[in-house]
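A look at the structure
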Amino acid sequence: MNSGSNLLDQIRKEKLYNALVFQLNKDFERAGLEAEFDAAFENQQLLRNLQAALYNVVVSDFESYLTLLYAIDVSEAKIKALPDCEVHQLAEFVSVLILEREFKKVQFKNRT
């Protein structure tokens, strides 16, 4: 699995970082969750905030977590393939899956 940091580097190279942050905020809002993502964030800050948001929603409102995965359209097979782990590790793994999916969305929307 690609690391979140490497993926964000690639997204920045393709000049799609702002579009990715916009899409993240949009999908969190569609799932009824408040997001704290800003295009001014450095890669690590965005990744930490995404992981923290996932951690919080998993422990406080699992149904909203599932709604978020559905709104973003994260592959159910990829979620099921994740190893059994602690919640903080799950948040790390799922954050990369979310970034990968959002990246595909913004690539598709911004292709020329």
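Scroll up to find the structure this text is about.
Let me sum up the structure you'll find in this document.

Reading the values: rules and limits
- Residues numbered from 1 in each chain as written.
- Predicted model: local features only at pLDDT ≥ 70, side-chain atom pairs only at ≥ 80, totals over all residues.
- Heavy atoms only, no water.
- Helix = DSSP H or I, 4+ residues; strand = E, 2+ residues; numbered from the N terminus.
- Buried < 20%, exposed > 50% of the residue type's maximum accessible area, 1.4 Å probe, protein only.
- Contact = heavy atoms within 4.5 Å.
- Salt bridge = Lys/Arg side-chain N within 4 Å of Asp/Glu carboxyl O.
- Phe/Tyr/Trp six-rings, centres within 6.5 Å; stacked < 30°, edge-to-face > 60°.

Along the chain, Phe103 falls in helix H6 (residues 87-109). For Phe103, a relative accessible area of 6% translates into the label buried. Taking C-alpha positions, Phe103 is 7.1 Å from Ile11, a pair spaced 92 residues apart along the chain. Those residues in contact with Phe103, other than ones at most four positions away along the chain, are Leu7, Gln10, Ile11, Glu14, Leu16 and Leu20.

Attention shifts here to the pattern of salt bridges. Charged atoms that come close allow side chains of opposite charge to pair. Enumeration according to the criterion identifies six salt bridges in this entry. Of the charged contacts in the structure, one is a salt bridge between Arg30 and Asp27, with a shortest N-O distance of 3.3 Å. You can see Arg30 and its partner Asp27 sitting in helix H2 (residues 17-30), three residues apart, about one turn around the helix. By relative accessible area, Arg30 is classed as exposed at 55%. Its salt-bridge partner being Asp73, residue Arg101 comes within 3.1 Å of it at the nearest N-O pair.

Scanning the entire structure with this criterion turns up two aromatic pairs. On the basis of an interplanar angle of 70° and a centroid distance of 5.1 Å, the ring pair of Phe28 and Phe37 is categorised as edge-to-face. Just as Phe28 is buried, Phe37 falls in that class too. The interplanar angle of 40° and the centroid separation of 5.2 Å between the aromatic rings of Phe62 and Tyr65 together place this pair among those described as tilted. Linking Phe62 with Tyr65, this pair stays in helix H4 (residues 62-72), spanning three residues, or about one helical turn.

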